[in-house]
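What follows is each chain in one-letter form.
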Amino acid sequence: MSKFQHIKSFVTGVFLLLLAAFIALAPQSTFDYVYLIISLMMLAYGLRLLIYYFRMARHMVGGKIILYQSIIVLDAAMFTLTLATASDYIVLAYLLAIYAFAGAIDILRAFEAKKNDSPVWKKKIVIGFLEMGLAIAMIVLGLVFRNTDFLVYGFAISLASSGILRIYDAFRKTAIVYIQ
C-alpha cells in the first residue's frame, strides 16, 4: 500500500468506529438509518466496481465478471433502499443475512488462500466465522426477544470490527516481493 492508501484506510477505520459508537449509543433513534447506511455502502461499492470495470477491467481477461458483480451489488443496493417501508424485523434480518453471506465468502476465500499457501488464510477464516456467527446470533436474539435493539447492536459491532480491521491494515507493513 502507498502512504495515501494507509492514511485512507486509517481514516475510514476511524469513521467506521465513530459511526458504530453513534449507532450503539442511540439504537432506537438510529434504527431507521441502519439500512440506509448499508444500502449506501453497497451503492458506493457497486459504483466503485463499475468505475473499475470501465477504467481497467474491460481490458482484462475475465473482466466481465467485475461488470456482472457491480450490477448485482447495485441491484441489491436498490432493493435494500426499497425495503424502507417493510417491517423492521424483515429489513434488519435481510441486512444481517447479507453480513452472514459476506462471512461465508470470507471463509471460501480463506480456503482458497490456504490452497495458494498464503499466510493470511488463518485471519480470513477467523473473521469469516465471526461474521457468520455474529449475524446468526443477532438474528436469533432479535427474533426470539422481539427487540430490534439487538439487531442494531449487532450492526454496530460489525461496523466496529470492520473499522478495527481497517486500522490494523493501515499500520501493517506491506510485503514486498522481489523477483531475482
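Residues numbered from 1 in each chain as written. Predicted model: local features only at pLDDT ≥ 70, side-chain atom pairs only at ≥ 80, totals over all residues. Heavy atoms only, no water.

A. Focus on unusual backbone geometry. Its identity is not glycine, yet D117 carries a phi of approximately 60°, on the positive side. By the element assignment, D117 lies in the loop between helix 4 (88-115) and helix 5 (121-145). (Helix = DSSP H or I, 4+ residues; strand = E, 2+ residues; numbered from the N terminus.)

B. Representation of helix 1 (residues 3-25). Counted at 1.5 Å a residue, the expected span for helix 1 with its 23 residues is 33 Å, and the 33 Å between its end C-alpha atoms agrees. Taken residue by residue, helix 1 has H6, S9, G13, L16, L19, A20 and I23 as its buried positions. If you follow the buried residues of helix 1, they end up packed against helix 2 (31-55) and helix 6 (148-171). (Expected span 1.5 Å × (residues − 1). Buried < 20%, exposed > 50% of the residue type's maximum accessible area, 1.4 Å probe, protein only. Contact = heavy atoms within 4.5 Å.)

C. Geometry of the packing of helix 5 against helix 6. The interhelical angle for the contact between helix 5 and helix 6, taken along N-to-C directions, is 165°, at an axis separation of 8 Å. Taken as axis vectors, helix 5 and helix 6 run roughly antiparallel relative to one another. In this structure, the crossing between helix 5 and helix 6 has a hand that is right-handed. Facing helix 5, whose interface residues are K123, I127, L134, M138, I139, L141, G142 and F145, helix 6 presents F150, L151, G154, I157, S158, L165, Y168 and D169. For the contact of helix 5 with helix 6, the residue count by class is 11 nonpolar, 3 polar and 2 charged. (Axes fitted to C-alpha atoms, helices over the stretch in contact; angles between N-to-C directions. Parallel < 35°, antiparallel > 145°, perpendicular 65-115°, else oblique. Left-handed = near helix turned anticlockwise from the far one by under 90°. Nonpolar A, V, L, I, M, F, W, Y, C, P; charged D, E, K, R; others polar.)

D. Spotlight on the packing of aromatic side chains. One pass over the full model with this rule turns up 2 aromatic pairs. Judged by centre distance (5.6 Å) and plane angle (70°), the rings of F10 and F171 are edge-to-face. A residue pair is termed long-range when its members are at least 10 positions apart, and F10 in helix 1 and F171 in helix 6 qualify at 161 residues. Assessed through its relative accessible area of 34%, F10 is described here as partly exposed. (Phe/Tyr/Trp six-rings, centres within 6.5 Å; stacked < 30°, edge-to-face > 60°.)

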